[in-house]
Amino acid sequence: MHMRKSLTHFRVSRSIECLRLGNRQLHLLRILWRAVDHRAAHAVTLPRQKFQCKQMWLCMVHRRFLSSQSYGVRVRFAPSPTGFLHLGGLRTALYNFLFAKKHGGSFILRMEDTDQSRLISGAADRIEDMLEWAGIAPDESPRNGGDFGPYQQSQRLDMYHQAADILVQSGAAYYCFCSPQRLDLLKKEALRSRQNPRYDNRCRSLHHDQVAEKLGQRQPHVIRFRLEEGVEPFEDMVFGWNRHEVAALEGDPVIIKGDGFPTYHLANVVDDHFMQISHVLRGSEWLISTSKHLLMYRAFGWKPPTFAHLPLLLNKDGSKLSKRQGDIFIEHFAKKGCLPEALLDLITNCGSGFTKNHPGREIVELISDFDASRLMTHSATLDLEKLPEFNRMHLVHRINNAAKCDSLVKDLKGHIRQAYGTQIQEKDVLQNDYIKRVLHLRKGHITCLHDLLAPDYAYLWIRPSVQLEQLENVSSEAHNILALAMEMILRHTSKQTTEYLNLELKRLAEKIEKCQYRTVMKVLRLALSGLQVVHLCFSSVPC
């Protein structure tokens, strides 16, 4: 009953509002109303979930077709949760975030999880976790929700089927019943002839009666989009004017697979349209597919977004970043103690798109400096060997900021407890003031907090285990040196400045016959730290 009332309201409103639409949009709307009316007549047999999906579809169509409201700049990052977030994905997400914030717009995270066979459990949540860790949290997402959800494609299936029905009824798409065996033979034959494998569009010519018969027999099928010649050129924000005559190069692409899930080509067009995406910033590997997507926009009668295809991010040796490398996943850097602002600084410093380009920038400055018109077509070369230096720089910034330093103290305290646990004998080493002093004394010398957990710094948190024999190997006067040092400390507890200690230790050395100052320092260093030589600890791996 509620569905029929909604349809009545839609019919009244469309008689007035449809006057604003073009002929192509009106034609598609008529097809849509017929499809919805047919389904509404059978609504009593639909499960509640599908019933709600059809209401959602109607609401979205009404909002998108009949509303003149503008939502401003809206961009999206649409990863597939078949793996975890890596450097290339983080860079694409970052550029979308910067573009949105530069123009006062919205940054959307959408999960393209239609490839069910390759999904990794928990990957979607961990991708969003890493975006939040990096400081570029989405405004709308599966976790945060929003006005244009759901934000997981697997929860929008009925929308894609409605869209595919519109294309089929308008003649822009058709049912294909070719078996996997036939498609495999076509591929083998093309390879044998040294041609690019492509579908031969055989099912384009099926008569309506043939299609109806095969559907009635429940024959396995997919839906393909009819590629047309005469692709119009489009202007990419990065690569300029482009045009790819896809109909001459490939067969009609599948838009609804045999399992009922859409392919990327249909899903991204439908979602970008109904989510009011104004600009699509994505990797340059999708540039050649854009003409195909524009044909689909034209078939629907929809205005496409503006496209900007980002150049590739390459390894230092010029090779492509690969998930197989393992160390390019963002979780790897987070676990190693890398600061998110250092990682963002590095991946933007090696590329284009900014009015200024210098190390040490944080997110506010990145937003201010970002200028999409400065994006270049050449690939960016990423040198991960520079990451420790970037991290050292940003760690100094954090230590010098009172609020951020308190957060570092909290993090380091947790790491200390985890690393040394019951070995800690002096509880004072876990006091905030002590840890803060350590951070300020070692800033500029360490590249990440984890450096302070290295064996060379263990003496800061636990008592070193040093035998008297070890000290006497350094000097036969080790016992006297330690006794005089303790006497000095107990005698002048209130005057233990660096300058005072330097002077007193030199006097101490003079009191011991045939003992040089440097020998005194070696004994004290070994006794206090357990180290013969104190090394400055620099991380040699990318955080």
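Here the structure is a predicted model, which means the values were calculated and not measured. (Residues numbered from 1 in each chain as written. Predicted model: local features only at pLDDT ≥ 70, side-chain atom pairs only at ≥ 80, totals over all residues. Heavy atoms only, no water.)

(A) Structural context of the overall build of the chain. Of regular secondary structure, the chain possesses 21 helices and eleven strands. Taken over 543 residues, the chain has a buried fraction of 48%. In the chain, of all internal contacts separated by at least 6 residues, the share reaching a separation of at least 24 is 75%. Accessible surface computed for the chain: about 27,800 Å², of which carbon and sulfur atoms make up 51%. (Helix = DSSP H or I, 4+ residues; strand = E, 2+ residues; numbered from the N terminus. Buried < 20%, exposed > 50% of the residue type's maximum accessible area, 1.4 Å probe, protein only. Contact = heavy atoms within 4.5 Å. Areas by Shrake-Rupley, 256 points an atom, 1.4 Å probe, with all protein chains shown as cover.)

(B) Structural context of unusual backbone geometry. The amide bond that connects G149 to the next residue, P150, takes the cis arrangement and shows omega of 0 degrees. For P150, the position within the fold is in the loop between helix 5 (123–133) and helix 6 (157–170). In this structure, R218 is a non-glycine residue whose phi angle is positive, near 60 degrees. Mapped onto the fold, R218 is located in the loop between helix 8 (208–216) and strand 4 (222–225). The class for R218 is exposed, based on a relative accessible area of 74%. A positive phi angle, close to 60 degrees, is found at Q276, a residue other than glycine. Residue class for Q276 comes out buried when judged on its relative accessible area of 11%.

(C) Molecular detail of a nonpolar patch on the surface. A cluster of nonpolar side chains, namely M486, I489 and L490, defines an oily patch on the protein surface of about 300 Å² accessible area. Relative to the elements of secondary structure, M486 occurs in helix 19 (residues 478–491). A relative accessible area of 47% places M486 in the partly exposed class. (Patch = residues over 30% accessible without salt bridge, like charges linked within 9 Å, V, L, I, M, F, W, Y side chains within 5 Å. Salt bridge = Lys/Arg side-chain N within 4 Å of Asp/Glu carboxyl O.)

(D) Just helix 7 (residues 180–192), in detail. Along its 13 residues, helix 7 runs 18 Å from first to last C-alpha, staying within 8% of the 18 Å computed at 1.5 Å per residue. One or two steps after helix 7, the chain reaches R194, where phi turns positive at roughly 60 degrees. (Expected span 1.5 Å × (residues − 1).)

(E) Main features of the confidence of the model for the chain. Residues with a pLDDT of 70 or more make up 84% of the chain, whose mean pLDDT is 85. For residues 536–541, every residue scores under 50 in pLDDT, and the model assigns this stretch 16 contacts once sequence neighbours within four places are set aside. (pLDDT = per-residue confidence, 0-100.)

(F) Region of interest: the sheet that holds strand 3 (residues 173–176). Taken in spatial order, the three strands line up as 3-4-7 in an open sheet, and their pairing is antiparallel. The open sheet terminates on both sides in strands that have one partner only, identified here as strand 3 and strand 7 (254–256). If you compare each strand with its neighbour and ignore which way they point, the axes differ by 45 degrees on average. With two bridges joining them, strand 4 and strand 7 adopt antiparallel strand pairing. (Pairing = 2+ DSSP bridges. Axes fitted to C-alpha atoms, helices over the stretch in contact; angles between N-to-C directions.)

(G) Fine view of the environment of T263. Structurally, T263 is set in the loop between strand 7 and helix 10 (264–274). We classify T263 as buried; its relative accessible area is 14%. Taking C-alpha positions, T263 is 9.0 Å from P253, a pair spaced ten residues apart along the chain. Apart from residues lying up to four places away in sequence, T263 is in contact with V254, I255 and K257.

(H) Region of interest: the side chain of H293. In this fold, H293 is placed in helix 11 (residues 290–300). Engagement of the side chain of H293 in a polar contact is seen with the side chain of H265, the distance being 3.0 Å. Contact partners of H293, with chain neighbours within four places excluded, come to Y264, H265, N268, V269 and R282. (Polar contact = N/O pair within 3.5 Å; in protein donor to acceptor, adjacent residues only side chain to side chain.)

(I) Here's a closer look at the nonpolar core. Within the largest apolar cluster, 71 residues are counted, with the highest numbers of intra-cluster contacts made by L87, L90, I136, L439, L452 and W461. The leading source of residues in this core is helix 4 (residues 87–102), at nine residues. I136 has contacts with L90, A93, L94, F97, F107, L131, L344 and I363, leaving out every residue within four places of it along the chain. The next biggest cluster of nonpolar side chains, apart from the first, holds 41 residues, and it includes V211, F225, A247 and M296. (Core = buried A, V, L, I, M, F, W, Y, C linked by side-chain atoms within 4.5 Å.)

(J) Here's a closer look at the pairing of strand 8 (residues 279–283). Of all five residues that make up strand 8, five are buried, and the element is covered over most of its length. Sheet analysis places strand 8 next to strand 9 (residues 306–310), joined by five bridges and oriented parallel. Residue pairing for strand 9: L281 is matched across the bridge by A308. In terms of handedness, the path from strand 8 via helix 11 over to strand 9 forms a crossover that is right-handed. (Right-handed = clockwise from strand over helix to strand, strands pointing away.)

(K) How the structure looks around the packing of helix 10 against helix 11. Following both chains from N to C, one finds helix 10 and helix 11 inclined at 55 degrees, their axes separated by 10 Å at the closest point. If you check the angle between helix 10 and helix 11, you find them oblique. The crossing of helix 10 and helix 11 is right-handed. Counting all contacts with helix 10, which are made through Y264, H265, L266, N268, V269, V270 and D272, the residues of helix 11 involved are K292, H293, M296, Y297 and F300. Its residues assigned to classes, the contact of helix 10 with helix 11 shows seven nonpolar, three polar and two charged. (Parallel < 35°, antiparallel > 145°, perpendicular 65-115°, else oblique. Left-handed = near helix turned anticlockwise from the far one by under 90°. Nonpolar A, V, L, I, M, F, W, Y, C, P; charged D, E, K, R; others polar.)

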